[in-house]
Amino acid sequence: MLTLPNILTLSRILAVPLLAAFLWWPEWRAGYGVAFGLYCLMGITDYFDGYLARAKGTVSKLGIFLDPIADKIMVAAVILILVGKGIIADLHIIAALVILVREIAVSGLREFLGGLRVSLPVSRLAKWKTALQLVSLGALILAGALPDWHWIWIAGLAALWSAAALTLITGWDYLRVGLKHMDT
């Protein structure tokens, strides 16, 4: 069912290769500026697809399926490119790995629990984690466009570590719930 919210979600997925292309050349400041604008637009559509679906009563199984996938594809692509290009480097890669591992683990847990018909709703803290994660990656993209503004990169890394901390907390919360439904 192609409702406006689902079209917005699909647009996020389809925009990831374009975002990746703009991020590929770190010495191209204008490309990072365009990537930042595109990333912000993608973040706005992430908010509005859910808002519109709920407000118009058009929440669909397709949207419920695609929305978290779109988020994870976007976050994973940005993290991988920023690590590959050295914007996230050294010990900061650990924070990025924590985020990626949690996203994969929680997706697997949701799939497992779905087979048992057990819902794993998104917690308020997990929404804060996602927001902080998106802000941190946005700041790191913007740092590529404005390399003379070193504080943006520092703020992005601080937010990345904060997001990684929330990632561990929320990941543990979800795992704790999931373990109750697993055979021992």
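Structure shown above.
### What to know about the side chain of Glu103
- With respect to the element layout, Glu103 can be found in helix H4 (residues 92-115).
- Side chain to side chain, Glu103 and Lys129 meet in a polar contact 2.7 Å long.
- Glu103 has contacts with Lys72, Lys129 and Gln133, leaving out every residue within four places of it along the chain.

### So, unusual backbone geometry
- Despite not being glycine, Asp90 shows a phi value in the positive range, around 55°.
- Counting through the fold element by element, Asp90 comes out in the loop between helix H3 (61-84) and H4.
- At Arg117, a position not held by glycine, the phi torsion is positive, near 60°.
- The exposure class assigned to Arg117 is exposed, which follows from its relative accessible area of 80%.

### Overview of the side chain of Gln133
- Tracing the backbone shows Gln133 in helix H5 (residues 124-145).
- Excluding its chain neighbours within four sequence positions, the residues that come into contact with Gln133 are Tyr39, Val75, Ile99, Glu103, Ala163 and Thr167.

### Considerations on a nonpolar patch on the surface
- A cluster of nonpolar residues, Leu2, Leu4, Ile7, Leu62, Phe65, Ile69 and Ile73, forms a patch on the protein surface that exposes about 610 Å² of accessible area.
- Where the nonpolar patch is concerned, the elements lending two or more residues are helix H1 (4-23) and H3.
- By residue number, the principal contributor to the nonpolar patch is H3, which donates four residues.
- Relative to the assigned elements, Phe65 resides in helix H3.

Conventions adopted
- Along every chain, residues carry numbers that run from 1 in the direction the sequence is written.
- With pLDDT at 70 or above as the cut-off, local features in this predicted model cover only qualifying residues; side-chain atom pairs require 80 or more to be listed or tallied, and sums for whole chains, interfaces and linings still use all residues.
- Side-chain metrics in this entry use all non-hydrogen atoms of the structure; hydrogen atoms and water are not considered.
- Secondary structure counts use DSSP, requiring at least four H or I residues in a row for a helix and at least two E residues in a row for a strand, with both numbered from the N terminus.
- Polar contact is defined as a pair of N or O atoms within 3.5 Å, subject to the rule that within protein one atom must be able to donate a hydrogen and the other to accept it, and that residues adjacent in sequence are counted only when both atoms are side-chain atoms.
- By definition, residues are in contact when any of their heavy atoms lie within 4.5 Å.
- The classification of residues rests on relative accessible area computed with a 1.4 Å probe and restricted to protein chains. Under 20% of the type maximum is buried, over 50% is exposed, and intermediate values are partly exposed.
- Two distance rules govern patches: like charges are joined within 9 Å, and nonpolar side chains (Val, Leu, Ile, Met, Phe, Trp, Tyr) within 5 Å, applied only to residues with over 30% relative accessible area and no salt bridge.
- Only the protein chains shown count as cover for residues, and all accessible areas are computed by the Shrake-Rupley method using a 1.4 Å probe.
- Here, a salt bridge means any side-chain nitrogen of Lys or Arg that lies within 4 Å of a carboxyl oxygen of Asp or Glu.

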